[in-house]
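Working through the structure, step by step
Spelled out from the first residue to the last, the chains are:
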Amino acid sequence: MVGITFIEQLKHSWRQILYWGGGLALLVMFVMSIMQDVAVPQQYAEMLEQFPPAMLNAYGLSDAAAIATPDGFVSFAALTYGTIALAIFAVVAGLSVTANDEDAGIMNVLLALPIPRWRIIVERTAAYALIMVAIAMLEFVGMFFGTFLIPDDITIDLSKLFLGSLNLIPGSLTLFAATIFFASIFSRKIIATGSATALVLGSYILNILAEVVTEDSFGYFLGRFSVWKYFGTQSVVLNGLNYTNIIGLLLLAIGLVAISTIAFERRDIA
Amino acid sequence: MSNQQVIQTQALSKVYKSGKKETLVLDNLTLDIHKGEIFGYLGPNGAGKTTTIRLLLDLIRPTGGSATILGKDIRADSVEIHRRIGFLPGELALWKNRTATQVINYIASVRGGVQQQMKEATTLADRLKFDMTKKVRDYSSGNKRKLGLILAMMHNPELLILDEPTGGLDPLMQQIFHEMMLEVRAQGRTVFLSSHVLSEVQAICDRVGILRDGALKAVEDVATLTHVKFRTVEMTFRDAVPQAWLPQIEAIEGASDIETDTHTLTVTLMGDFDPLMRIVSEGYLKNLRVHEPTLEEIFLAYYGNGAVVQSQSSQKPLSGFHRASHKIVK
Ligand SMILES: Nc1ncnc2c1ncn2[C@@H]1O[C@H](COP(=O)(O)OP(=O)(O)O)[C@@H](O)[C@H]1O
Ligand SMILES: [Mg+2]
């Protein structure tokens with residue numbers, strides 16, 4: 001029946017929201033509790049300016065000045081953790097859509113039931129997408145409670161932090177969809193896992209490299225294919241959401257899931 | 001016409017490719033399973049039984065040929081077919097952290113009609129003495145098999161496809177399983193089960209197909225086969241077996257495969273004992289053993305060794321029995 005597998009997945013995986021989202025929220029509150037003085041973010045910014053740009057980029061920071069403000073500081077610290085956590089979660093969740101059950105031999109039971117293969121992918125994907133949104137939102141909840149931990153004279157613009165949290169979602173959904181795609185074409189879990197990990201790490205590195213080379217170089221061109229480039233957590237706090245990036249990432253994610261349903265339909269189950 | 005055939009395969013073949021290597025695992029399987037029968041799909045490990053079943057369930061795709069289940073195409077109508085069949089995999093894997101009740105509930109809800117299936121599952125669990133409250137990881141292999149049977153049977157499907165169903169079940173449970181299969185048949189439903197255990201197939205199946213190295217060697221009524229009455233007689237004498245007996249024994253109608261080993265004499269015998277006993281009566285007989293043939297030996301006698309035959313009715317002449325030196329079963 002329609003939706004059963006979606007509900008089943010939520011029933012067994014909703015606790016992940018607590019583990020991942022709750023963990024992030026606590027981390028965020030810890031970061032915010034450090035900031036007892038406006039000088040803290042400024043000192044951090046000055047210190048970071050001494051670092052080579054490539055290194056800052058490795059932490060997802062394109063401009064050290066962006067963290068000189070309290071909003072910038074919180075979003076930098078919190079959203080960097082959020083990005084990394086959600087990228088890892090994207091792979092973990094992506095493998096849970098088909099790869100884990102196929103690897104364990106459970107697909108034999110599941111696919112002998114009156115349910116088409118594509119619906120297993122679609123319903124589980126929907127469930128995990130919801131979980132990922134909830135994790136990002138729980139991180140924002142952490143930021144919200146974090147504001148009670150800082151002195152009154154430090155003002156924090158929660159709406160900017162909210163946008164920053166929202167912006168975590170499209171990029172991680174794309175990595176999630178890419179993992180589903182790898183699992184749909186490779187029947188061996190280890191190959192799917194390796195491919196997804198290589199994509200996450202590869203595009204992370206690509207993104208760092210692209211930032212330090214000139215704009216007309218091939219490396220810069222390649223960098224445009226890095227999902228991480230479009231996470232753009234800092235620029236969200238400075239400039240607001242980039243809707244082109246968001247729509248692009250979401251379309252890519254949907255496209256990958258659509259291709260996955262076709263690829264998974266066509267091949268032998270291991 | 002085809003609605004009496006529950007499963008029909010037409011030159012169904014499967015080649016596994018890994019890199020450049022290709023292995024033919026199922027070779028042009030053409031087989032009909034009739035409504036209301038218990039069919040035993042018999043073959044040693046690696047014969048291709050599981051491959052056949054996975055093809056029928058649309059888990060893997062044929063390299064050649066086609067098949068229908070309940071008149072529907074296994075590829076195009078797989079969802080509809082799956083609604084009407086129950087499947088027990090050879091190696092049942094389920095979510096380890098969920099309880100049997102949770103698994104049963106989920107699978108029932110995917111099929112639809114949860115309440116009815118839960119009721120049936122409870123009845124089956126009682127009968128199999130199965131405790132549904134534990135987590136999957138905590139069940140022994142025998143209990144997992146029971147859970148698999150419950151999952152396969154709780155929606156009263158028209159066709160049961162069971163891959164080595166009794167592996168891991170203790171003798172008492174095997175007996176209960178046999179009874180359950182006979183009830184399924186009595187209700188006009190159909191069972192297709194694979195096995196490498198001849199005695200089990202002999203005990204409950206109406207027909208049996210023998211698969212070896214991906215090729216169907218024979219399909220026959222179990223009744224026809226077990227109707228053939230012959231047995232192996234092994235006699236041990238105190239003194240050496242006189243060579244003079246041998247031509248006399250050979251002359252007995254229905255005696256074959258005569259072997260001697262100083263003190264022992266082995267004869268495969270069809271027909272009465274008396275002619276044999278008269279010949280050996282002058283010797284001092286220390287021990288006498290009569291060995292009823294297994295289905296395997298009957299098969300070998302019936303078809304000769306490795307003959308590729310698919311006969312549903314024709315009676316083959318019983319020429320020259322072969323001692324079952326070739327094991328069908330591992
Ligand atoms: N995915 C696969 N790739 C390659 N060979 C396989 C695969 N699955 C099964 N085989 C081979 O196919 C043959 C038949 O296997 P199987 O159908 O499981 O036999 P059975 O169930 O009769 O024991 C075996 O030799 C096995 O090694
Ligand atoms: Mg098998």
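Residues numbered from 1 in each chain as written. Chains lettered and ligands numbered in written order. Predicted model: local features only at pLDDT ≥ 70, side-chain atom pairs only at ≥ 80, totals over all residues. Heavy atoms only, no water.

For chain A, the helix and strand inventory stands at 14 helices and zero strands. Secondary structure elements of chain A, listed N to C terminal, follow the sequence α-α-α-α-α-α-α-α-α-α-α-α-α-α. In terms of overall size, chain A behaves like a compact globule, its C-alpha atoms giving a radius of gyration of 20 Å where 270 residues would be expected to give roughly 18 Å. Referenced to the eigenvectors of the C-alpha coordinate spread, the extents of chain A come out at roughly 65 × 45 × 30 Å. The buried share among the 270 residues of chain A stands at 52%. Split by element, the accessible area of chain A, about 12000 Å² in all, is 69% carbon and sulfur. Taking the average place of the 12 positive charges on the side chains of chain A and the average place of its 19 negative ones, the gap between the two points comes to 18 Å. (Helix = DSSP H or I, 4+ residues; strand = E, 2+ residues; numbered from the N terminus. Rg over C-alpha atoms; globule rule 2.2 N^0.38 Å. Buried < 20%, exposed > 50% of the residue type's maximum accessible area, 1.4 Å probe, protein only. Areas by Shrake-Rupley, 256 points an atom, 1.4 Å probe, with all protein chains shown as cover. Lys, Arg positive; Asp, Glu negative; His and termini not counted. Charge placed at Lys NZ, Arg CZ, Asp CG, Glu CD.)

A few words now on empty space enclosed by the protein. Per the stated rule, a full pass over the model turns up five cavities of 30 Å³ or more. For the largest cavity, the calculated volume is near 100 Å³. For the largest cavity, the lining is made up of 14 residues, of which V109 and L113 of chain A together with F87, R111 and L151 of chain B are closest to its centre. In terms of residue count, strand 6 (residues 85-88) of chain B provides more of the lining of the largest cavity than any other element does, four residues in total. Here the lining of the largest cavity is built from residues that sort into 11 nonpolar, two polar and one charged. (1 Å grid on protein atoms, 1.4 Å probe; cavity = no way out; pocket = protein on both sides within 12 Å on 5 of 7 lines; lining within 4 Å. Points joined across faces, edges and corners; volume = space filled by probe spheres on them. Nonpolar A, V, L, I, M, F, W, Y, C, P; charged D, E, K, R; others polar.)

Here we take up the sheet that holds strand 13 (residues 264-270) of chain B. Residue and element names in this part refer to chain B. Strand order in this open sheet of four strands is 12-13-11-14, and the pairing throughout is antiparallel. This sheet does not close on itself; its edge strands, each paired only once, are strand 12 (255-261) and strand 14 (285-291). Strand-to-strand twist of the sheet, defined as the mean angle between neighbouring strand axes without regard to direction, takes the value 15 degrees. Across five bridges, the pairing between strand 12 and strand 13 is antiparallel. Among the inter-strand pairings, T260 is bridged to a residue of strand 13, identified as L265. (Pairing = 2+ DSSP bridges. Axes fitted to C-alpha atoms, helices over the stretch in contact; angles between N-to-C directions.)

As a further point, take the site of ligand 1. Residues and elements named next belong to chain B. Ligand 1 sits among Y16, V25, P44, N45, G46, A47, G48, K49, T50 and T51. The contact in question runs from an oxygen atom of ligand 1 to an N or O atom on the backbone of G46, over 2.7 Å. Burial of ligand 1 by the surrounding chains reaches 56%, relative to a free accessible area of 570 Å². With three residues, the top contributor of residues to the shell around ligand 1 is helix 1 (residues 49-56). Of the residues in the shell around ligand 1, the class split is four nonpolar, five polar and one charged. (Near = heavy atom within 4 Å. Polar contact = N/O pair within 3.5 Å; in protein donor to acceptor, adjacent residues only side chain to side chain.)

Glancing now at the interface of chain B and chain A. The interface is formed by 24 residues belonging to chain B together with 27 residues belonging to chain A. Contact between chain B and chain A buries roughly 2300 Å² in total, counting both sides, with carbon and sulfur atoms accounting for 59%. When the buried surface of chain B facing chain A is broken down by residue, L59, Y106 and V110 of chain B rank first, second and third, together holding 26% of it. Our enumeration of links across chain B and chain A arrives at three salt bridges. With a shortest N-O distance of 2.6 Å, K14 of chain B and D268 of chain A are connected by a salt bridge. Linking chain B with chain A are 15 residue pairs in polar contact (both at pLDDT 80 or more), by the criterion used here. Contributions of two or more residues to the side of chain B that touches chain A are made by helix 2 (78-84) and helix 3 (100-111) of chain B. Broken down by element, the side of chain B that touches chain A gets its largest block of residues, six residues, from helix 3 of chain B. Looking at the side of chain B that touches chain A residue by residue, the class counts come to 13 nonpolar, four polar and seven charged. (Contact = heavy atoms within 4.5 Å. Buried area = accessible area lost by both parts, 1.4 Å probe. Salt bridge = Lys/Arg side-chain N within 4 Å of Asp/Glu carboxyl O.)

This paragraph deals with the nonpolar core. With 149 residues, the main nonpolar core has I69, M181 and F192 of chain B as its most contacted residues. With 15 residues, the single largest contributor to this core is helix 5 (residues 70-97) of chain A. Those residues in contact with I69 of chain B, other than ones at most four positions away along the chain, are V6, I7, L56, I74, I81, I85, L159 and I161 of chain B. One finds M235, L246, L269 and V280 of chain B within the second-largest nonpolar core, a separate group that totals 15 residues. (Core = buried A, V, L, I, M, F, W, Y, C linked by side-chain atoms within 4.5 Å.)

Tracing the backbone shows I269 of chain A in the segment after helix 14 (243-266). Residue I269 of chain A is classed as buried on the basis of its relative accessible area of 2%. When sequence neighbours within four positions are dropped, the list of residues in contact with I269 of chain A reads E102, M107, N108, L111, R117 and F264 of chain A together with R54, L59 and I60 of chain B.

Another point: helix 2 (residues 15-34) of chain A. Residues and elements named next belong to chain A. For helix 2, spanning 20 residues, the distance from its first C-alpha to its last is 29 Å, which sits close to the expected 28 Å at 1.5 Å a residue. All of the buried residues along helix 2 are I17, G21, L24, A25, V28, V31 and M32. Elements in contact with the buried residues of helix 2: helix 1 (4-13), helix 5 and helix 8 (117-146). (Expected span 1.5 Å × (residues − 1).)

Quick look at the packing of aromatic side chains now. Residue and element names in this part refer to chain A. Considering all chains together, one arrives at 15 aromatic pairs over all chains under this definition. With 5.5 Å between their ring centres and 90 degrees between their planes, F144 and F148 make a pair best called edge-to-face. Residue F144 is classed as partly exposed on the basis of its relative accessible area of 34%. Grouped by ring-pair contacts, the aromatic residues W20, F89, Y128 and F176 constitute a single cluster. The positively charged end of R117 is found above the aromatic ring belonging to F264, 5.9 Å away from the centroid. (Phe/Tyr/Trp six-rings, centres within 6.5 Å; stacked < 30°, edge-to-face > 60°. Lys NZ or Arg CZ within 6 Å of the ring centre and 35° of its normal.)

This brings us to the packing of helix 5 (residues 141-153) of chain B against helix 6 (residues 171-186) of chain B. Residues and elements named next belong to chain B. The contact between helix 5 and helix 6 brings their axes to 13 Å, and the two run at 10 degrees. In terms of orientation, helix 5 and helix 6 fall into the roughly parallel class. For the pair helix 5 and helix 6, the contacting residues are K146, L149 and M153 in the first and M173, F177, M180, M181 and V184 in the second. Within the contact of helix 5 with helix 6, the residues separate by chemical class into seven nonpolar, no polar and one charged. (Parallel < 35°, antiparallel > 145°, perpendicular 65-115°, else oblique.)

Residues and elements named next belong to chain B. In the predicted model, chain B carries a mean pLDDT of 87, and 88% of its residues have values of at least 70. Scored below 50 in pLDDT, residues 305-330 shows 56 contacts in the model against residues more than four places distant or in partner chains. In the predicted assembly, ipTM is 0.87 and pTM is 0.84. (pLDDT = per-residue confidence, 0-100.)

All names here are of chain B. Here the phi dihedral of D257 falls at roughly 50 degrees; this positive angle occurs in a residue that is not glycine. Examined against the element boundaries, D257 turns out to sit in strand 12. For T262, which is not glycine, the phi dihedral falls at a positive 40 degrees. Residue class for T262 comes out exposed when judged on its relative accessible area of 54%.

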